[in-house]
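Inside the fold
Spelled out from the first residue to the last, the chains are:
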Amino acid sequence: MGQFDWSVRVAGGEVRDLVLDDTATIRYGRTTIDVQPEPTNATLNLLTYDAAPSLFDDKPSYILDNEQIPSGFVAEWRENYDGVVTVLELGASVEIDIAGASGFTAQWSEIYLGALAQTNRFRGHVIAMDYRPGTLTLTAATDQENLGRVMVGGSGRAAQTDAQRVQEISTEAGVAITVEAGQDINLRALPEYERTAWTALQQVCDDVGGLLYTDREGVVRYRQRGGYEPSHVVIPPLHTLVDPLAMSIDVSRVANTVKVTYGDVDGDGNRPVATAQNPDLVTALGVRETEIVTDLADAADAQARADQRAAITPQWEAGTVTVFLRNGDEGLIGDVANLELGDKVTLPDLLPGSPSPTYTANLLGYTEQLGTNDWQLALHLAPWFVDDNAGKVK
C-alpha cells in the first residue's frame, strides 16, 4: 500500500483496483479568471475484462457487455439475481474518497483535528464512456452540468436581489442551489428572454461578483459577494518547486478606463453608464478602455464595479502551480486538500532570480491527479490578489 489510499465507487461498488494509477483526475472550479467555474468533473481510466480477466472474479457487473459475462457468475449469484448485468451505464453514480493513516472519513476527522476534513473528493454521475481495448474511460460530472441543458427566463424577471434571482432560476431549472449569504445586490427587471440556466446564472455572477460552483459533496452553490472568509495556506517550496515555477506579467490585463452600463432604458433608448479611470495607469500605459454591460439596478453598485476594475494594476502571476503531496505531513496534506475557491495561497522562498521572494494569490480552482504514491493538485491561481474573492473581476 502507498502513502495514499483511495476509494473509487461506481454504481455503489468499489473499483479502485480497476483504476489505472496516476490517471484519475478531478477538475474543480476554474482554470482562468475570465470564466465562471465549469461543472466539477472527474475522469477515471478503468481496466477492462479483456485486459485483466482475473480482476473481475468478484465484480462481474463491471464487465461492459452482459453477453460476455461468464456464466459461472450467473450461477454464483442466482439466489439474488436472475443474471448478472453490467452497471457501467450513463447516469451511474461515481464517488471518490481519500483515506489516510486512520482510515476513511469519520476516523480521520476524529483523530486529526484540523487536518484532512475533506475526505470526500467527488460526488457525481457518469456522463460519457470511451472504450479502447484494455481500458474504459469514464467521465463523470455533478448536477451543475444539468444547468446547461434547461432553458429559463421565458416569462421575464422582476426586479430582485441576486440571491432571489439565483433561487428563481434554480426552481425553473429543477436544480437545487444553496446560497452562501453575503451582500445582497439589486438587479433590474428583465423582459422575456430564453437562455440556458447556466448562461443566466453566469450573467448574475459576472454582474455582481458572485460565484457558482459545486462543492465536493456534489452540492451546487452560489456564493454572494462577501459570502466567504478566505483561509490562508502557506505551501513549502519542497512541494511546489519540483517543477520550475514560471511567472509572467501582461499589459493585456490592464483596464484603466472602465464603463459599466446599468439600470433601465430611458425615453431615448439609452441606459446609464458609470465610469472610472486610473490616472496613473493611463499616464504609464495610455488609455486602455473596457465596457461592461450589466443588469445591475443601482448606480452605487455600478460605480463600485467600475472603480474595482480600474484599480487593478499589472502584477506578476504564476497561473498554475502544481503541489506534490508525496511525503507531506498530515498538516500540509490537510491544508492543501481542504482548500476552497477564493482561499489565499502563499508560496514562500522562491528561487533567487524570481520577480519576488514570495508569491500570494487567490485560488480559482484545481486539477487533482490521484495516485497511491503521489497526490498532485495543480492549483489554478488568480492573476491578481483581492481581499473579497467571491467571484471574478473581468
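The present account deals with the structure reproduced in this document.

The rules we used
- Residues numbered from 1 in each chain as written.
- Predicted model: local features only at pLDDT ≥ 70, side-chain atom pairs only at ≥ 80, totals over all residues.
- Heavy atoms only, no water.
- Helix = DSSP H or I, 4+ residues; strand = E, 2+ residues; numbered from the N terminus.
- Buried < 20%, exposed > 50% of the residue type's maximum accessible area, 1.4 Å probe, protein only.
- Contact = heavy atoms within 4.5 Å.
- Areas by Shrake-Rupley, 256 points an atom, 1.4 Å probe, with all protein chains shown as cover.
- Salt bridge = Lys/Arg side-chain N within 4 Å of Asp/Glu carboxyl O.
- Phe/Tyr/Trp six-rings, centres within 6.5 Å; stacked < 30°, edge-to-face > 60°.
- Lys NZ or Arg CZ within 6 Å of the ring centre and 35° of its normal.
- Core = buried A, V, L, I, M, F, W, Y, C linked by side-chain atoms within 4.5 Å.
- Polar contact = N/O pair within 3.5 Å; in protein donor to acceptor, adjacent residues only side chain to side chain.
- Pairing = 2+ DSSP bridges.
- Axes fitted to C-alpha atoms, helices over the stretch in contact; angles between N-to-C directions.
- Expected span 1.5 Å × (residues − 1).
- Arc of directions from axis to C-beta.

Okay, the overall build of the protein next. A tally of helices and strands in the protein yields 7 helices and 22 strands. A burial count over the protein gives 50% of its 394 residues as buried. Intrachain contacts of the protein at a sequence separation of at least 6 include 71% that bridge at least 24 residues. For the protein, the exposed surface amounts to about 17,800 Å²; the carbon and sulfur share of it is 49%.

This paragraph deals with the pattern of salt bridges. Under the counting rule described, the total for this entry stands at 19 salt bridges. With a shortest N-O distance of 3.1 Å, Asp295 and Arg188 are connected by a salt bridge. Taken together, the positions of Asp295 in the loop between β18 (289-293) and α6 (299-311) and Arg188 in the loop between β11 (186-187) and β12 (195-196) put the pair 107 residues apart, joining distant regions of the chain. Connected through shared salt-bridge partners, Arg9, Glu95, Asp97 and Arg123 make up one network.

The subject of this paragraph is the packing of aromatic side chains. Throughout the structure, instances matching the rule amount to 4 aromatic pairs. Ring plane angle 80° and centroid distance 5.1 Å describe the contact between Trp6 and Trp375, whose orientation is recorded as edge-to-face. Of the two residues, Trp6 is situated in strand β1 (residues 5-10) and Trp375 in the loop between β21 (359-370) and β22 (376-381); the sequence distance between them amounts to 369 residues. Here Trp6 and Trp375 have matching classes, each one buried. Taking the centre distance of 5.8 Å and the plane angle of 80° together, the rings of Tyr49 and Phe56 count as edge-to-face. Here the aromatic residues Phe4, Trp6 and Trp375 are joined through ring pairs into a cluster of three or more. Lying across the ring of Tyr28, Arg216 places its NZ or CZ 4.9 Å from the centre.

Moving on: the nonpolar core. Val10, Leu44, Ile96, Ile235, Leu325, Trp375 and Leu379 are the most contacted members of the largest nonpolar core, which totals 55 residues. The dominant element in this core, judged by the number of residues it contributes, is β21, at 5 residues. Membership of the second largest hydrophobic core comes to 30 residues, among which are Leu187, Leu201, Cys205 and Tyr262.

At Ala11, a residue that is not glycine, the phi angle is positive and equals roughly 55°. Tracing the backbone shows Ala11 in the loop between β1 and β2 (13-14). You will see that Asn327, though not glycine, has its phi angle at about 65°, which is positive. Position of Asn327 among the secondary structure elements: in the loop between β19 (320-324) and α7 (330-337). Exposure remark for Asn327: the relative accessible area of 66% places this residue in the exposed category.

To continue, consider the side chain of His239. Position of His239 relative to the elements: it lies in the loop between β15 (232-234) and β16 (257-261). Residue class for His239 comes out buried when judged on its relative accessible area of 7%. There is a polar contact of 2.7 Å between the side chain of His239 and the backbone oxygen of Phe324. His239 has contacts with Thr322, Val323, Phe324, Leu325, Arg326, Asn327, Gly328 and Leu332, leaving out every residue within four places of it along the chain.

A few words on the sheet that holds β18. Strand order in the open sheet made by the 3 strands is β17-β16-β18, with mixed pairing throughout. Of all the strands in the sheet, just β17 (273-277) and β18 have a single pairing partner and so form its edges. Each adjacent strand pair in this sheet contributes to an overall mean axis angle of 15°, direction not counted. Of the strand pairs in this sheet, β16 and β18 are connected by 5 bridges, and their pairing is parallel. Bridging across to β18, Val258 finds its partner in Thr290. Set on the sheet, α6 makes contact with β16, β17 and β18; between it and β17 the angle comes to about 25°.

Bringing the sheet that holds strand β14 (residues 220-223) into the picture now. Adjacent strands of a sheet pair through backbone hydrogen bonds, lying either parallel or antiparallel. Spatially, the 3 strands line up as an open sheet ordered β10-β14-β13, and their pairing is mixed. The sheet is open, and its two edges are formed by β10 (178-180) and β13 (211-214), each paired on a single side. The average angle at which neighbouring strand axes cross in this sheet is 25°, direction not considered. Pairing of β10 with β14 involves 3 bridges; the strand directions are parallel. Along β14, the bridge assignment pairs Thr178 with Arg221.

Here we take up helix α3 (residues 162-173). The terminal C-alpha atoms of α3 lie 16 Å apart, and with 12 residues this matches the ideal 16 Å at 1.5 Å per residue to within 8%. Turning to α3, its buried residues number three or more, namely Asp162, Ala163, Arg165, Val166, Ile169, Ser170 and Ala173. Considered in projection along α3, the buried side chains sweep an arc of 160° and stay on one side of the axis. Gly174 occupies a position one or two residues after α3 and carries a positive phi of about 75°.

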